[in-house]
Amino acid sequence: MTQERRIEVEVPLEASPEQVWDAIATEAGLTAWFAPMDPSPDENGQLADGELLRWEPGSGFAVRGAAGVFEYLIEPQDDGSTVLRFAQAGFTGDDWEAEYEATARGWDFYFHTMQLYLSGFNSQPATYVVAEGPAWSGTVEAWQKLREAIGGAVGDKVELDVYGLGTILGEVDYDGPSHLGIQTENSLLRFHDRSLLGMPVALGHHYYGPGHDAERLEDAWQSWLTEFYLTQ
């Protein structure tokens, strides 16, 4: 019998249940802390990719996809805040350990980003920007070079010179074994080490407010990441 393994996360959020529902169950909300996608079912209760197990607007939902079963449960608190309970079940392959560890680290980072979004940028439109390093950057050593070049521990001020965007001023808000987060006045900059999965370094940034040129931002950050590894 194949053993199924679970990741379970409890996320305290300074937001109403309605705001949390929007963050987990709409494309605009997911773009603001995770990635652009629409988890809602169509008029027939079907999903474009996966199987809908439960859909209770304002309370939570559960879906089955290629990576397992994902469950979200919203729990209102007496003080007006909310606790989000999340679980992912799966990881049944022979080499499940690395995938499990990488996924668990990733969810910790993503839900930290959700907390910052809901407490600081809630209801603002979000622009999602991605870039990926060269194939050979999928190593712990390549990640460490990037991490050391950026510098800073949680709470430290940092500066990044990105051609086309100028000098970016921010503060480190997350420093984990595989992730780095920097908060600026209008963005959450997210850097990912994906070496556990055999994938290159990547970034996935969230810019808040209207008027952001997604193509310009993506070109600038891709050039910045590419140039960094070309000089190593």
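Higher on the page you've got the structure.
Bear in mind the structure is a predicted one, so any value in this text is a computation, not a measurement.

Once that is clear, we can look at the nonpolar core. The biggest cluster of nonpolar side chains holds 34 residues, and the ones touching the most others in it are Ile24, Trp33, Leu84, Trp107 and Phe111. Sorting the residues of this core by element identifies strand S1 (5-13), helix H1 (17-25), strand S3 (60-65), strand S4 (68-76), strand S5 (82-90) and helix H3 (96-121) as the ones contributing at least two each. Tallying contributions element by element places H3 first for this core, with eight residues. Setting aside residues up to four positions removed in sequence, phenylalanine 111 forms contacts with Val9, Val11, Trp33, Leu84 and Phe86. If you look at the next biggest cluster of nonpolar residues, it comprises 25 residues, including Val129, Val172, Leu189 and Leu217.

With that out of the way, let us pick up the environment of glycine 65. Topologically, glycine 65 is positioned in strand S3. Since its relative accessible area comes to 31%, glycine 65 is described here as partly exposed.

On to unusual backbone geometry. Even without glycine at this site, serine 123 takes up a positive phi of about 75°. Note on placement: serine 123 falls in the loop between H3 and strand S6 (126-132).

Whenever strands of a sheet pair, they do so through backbone hydrogen bonds, lying parallel or antiparallel. The strand order across the open sheet built from five strands is S1-S5-S4-S3-S2, with neighbouring strands paired in antiparallel fashion. Each end of this open sheet is capped by a strand with a single partner; those strands are S1 and strand S2 (51-56). Neighbouring strand axes in the sheet, compared pairwise and without regard to direction, differ in orientation by 10° on average. For S3 and S4, the ladder comprises six bridges, and the chain directions are antiparallel. Bridging across to S4, phenylalanine 61 finds its partner in tyrosine 72. On the sheet, H1 packs against S1, S2, S3, S4 and S5 and is oriented at approximately 165° with respect to S4.

Analysis parameters
Residues numbered from 1 in each chain as written. Predicted model: local features only at pLDDT ≥ 70, side-chain atom pairs only at ≥ 80, totals over all residues. Heavy atoms only, no water. Core = buried A, V, L, I, M, F, W, Y, C linked by side-chain atoms within 4.5 Å. Buried < 20%, exposed > 50% of the residue type's maximum accessible area, 1.4 Å probe, protein only. Helix = DSSP H or I, 4+ residues; strand = E, 2+ residues; numbered from the N terminus. Contact = heavy atoms within 4.5 Å. Pairing = 2+ DSSP bridges. Axes fitted to C-alpha atoms, helices over the stretch in contact; angles between N-to-C directions.

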